[in-house]
Amino acid sequence: MSKKATVFVRLKDGVLDPQGVTIAKALNQMGYDEFTSVRSGRFFELEIEDNEANLDQRLEEVCSKLLSNPVIENYRIEKG
Amino acid sequence: MKVGVVTFPGSNCDYDAYSAIKHIMGEDATFLWHQSTDLEGSDLIMLPGGFSYGDYLRAGAIARFSPIMEKVIAFARSGGLVVGICNGFQVLTECGLLPGALMRNRHLRFSCKYVHLRVERTDTAFTGRCEDGEVLRIPIAHGEGNYFYHDDEVQQLEDNGQVLFRYCDASGRVTPEANPNGSVNNIAGIMNAGGNVLGMMPHPERAVELILGSTDGLKILESVRHALSYQSV
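A few points on the structure. A quick note: this is a predicted structure, and the numbers were derived from the prediction, not measured.

**Section: the overall build of chain B**
Argument step 1. Across its full length, chain B holds five helices and eleven strands.
Argument step 2. Over its C-alpha atoms chain B spans a radius of gyration of 16 Å, differing by no more than 12% from the 17 Å that the globule rule assigns to 233 residues.
Argument step 3. The C-alpha extent of chain B, read off along each of the three principal axes, is 45 × 40 × 35 Å.
Argument step 4. Long-range contacts, defined as pairs at least 24 residues apart, comprise 74% of the intrachain contacts of chain B with a sequence gap of at least 6.
Argument step 5. For chain B, the exposed area adds up to about 9300 Å²; of that, 48% sits on carbon and sulfur atoms.

Okay, structure coming up:
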């Protein structure tokens, strides 16, 4: 049986997100003035063969070693 | 001096680095393929500029897991000299040999131009042939060169004297206008606490002949050669 996990990666608070700032400016120029801040990020959908006893730990490793850069980013895992 | 230039899929400054070492400096250079696990007796490892693995995920994030990088990391941890230029700098931060991270340029544009760099220290393996406070003219070419580190950690870097190059104007003043990408404290290049690993966004290997517009990059490469000749005595 296979499982799924979704990983959301975003910049930590306090780290400037130039893409988010630019998107927010564009929205404001389009007349959507109420959107005062945008933070961008990315997500990953993982399909996992479910025969690993310590899946949680391995998922954490995958997130901290490769999918995110812990110096500047946080991640959140949603399983299923 | 024998220099190993690592080639990742997507590296595009590996031949520039090779040529600077081999043809301009007359030293021994060899390409090290990313799948190799043999540094071939190199005294200096150069991680060149380019777009390793297409910059997928984050610049340098995938290259750091190449087989050759295990050897490069072990080499660096045992005191071996490593220089990462541009994408090479990004690989060095991703693999933890250098602190901090390189983020998207603040203005979101790819920047390709000559910049001025102030040399902050001359008592290192990478700057020994420079003058105190010298201003070097060396080109940059990157979209993700915005050096970031949290405030207190940057202060630690500054206190340790790990900042070697800062973006400045032609007269050496470090100003916001001279900062091409938003790097904290105008940082263009840093070394590790051990003083044997350098990462810098500007390309010294592209400033090694007058026909290229500057020979200032040679001062950095010659500093390394000088440091290695001392080591071997």
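**Remarks on the sheet that holds strand 6 (residues 111-119) of chain B**
Residues and elements named next belong to chain B.
Argument step 1. Spatial strand order, 2-1-3-4-11-10-9-6-7: nine strands in an open sheet with mixed pairing. What marks the edges here is a single partner per strand, and that holds for strand 2 (28-33) and strand 7 (135-142). Neighbouring strand axes in the sheet, compared pairwise and without regard to direction, differ in orientation by 25° on average.
Argument step 2. The pairing of strand 1 (residues 2-7) with strand 3 (residues 44-47) spans three bridges and is classified as parallel. Residue pairing across strands places glycine 4 opposite isoleucine 45, the latter belonging to strand 3.

**Describing the pattern of salt bridges**
Side chains that differ in sign of charge can pair as their charged atoms come close.
Residues and elements named next belong to chain B.
Argument step 1. All told, the structure shown has 13 salt bridges over all chains when counted by the stated rule.
Argument step 2. Note that arginine 166 is salt-bridged to glutamate 158, the shortest N-O span being 2.9 Å.
Argument step 3. Judged by relative accessible area, which is 22%, glutamate 158 ranks as partly exposed.
Argument step 4. Note that arginine 173 is salt-bridged to aspartate 169, the shortest N-O span being 3.1 Å.
Argument step 5. By relative accessible area, arginine 173 is classed as exposed at 56%.
Argument step 6. The network of salt bridges with shared partners includes Arg118, Glu120, Glu158 and Arg166.

Cut-offs applied
- Residues numbered from 1 in each chain as written.
- Chains lettered and ligands numbered in written order.
- Predicted model: local features only at pLDDT ≥ 70, side-chain atom pairs only at ≥ 80, totals over all residues.
- Heavy atoms only, no water.
- Helix = DSSP H or I, 4+ residues; strand = E, 2+ residues; numbered from the N terminus.
- Rg over C-alpha atoms; globule rule 2.2 N^0.38 Å.
- Contact = heavy atoms within 4.5 Å.
- Areas by Shrake-Rupley, 256 points an atom, 1.4 Å probe, with all protein chains shown as cover.
- Pairing = 2+ DSSP bridges.
- Axes fitted to C-alpha atoms, helices over the stretch in contact; angles between N-to-C directions.
- Salt bridge = Lys/Arg side-chain N within 4 Å of Asp/Glu carboxyl O.
- Buried < 20%, exposed > 50% of the residue type's maximum accessible area, 1.4 Å probe, protein only.

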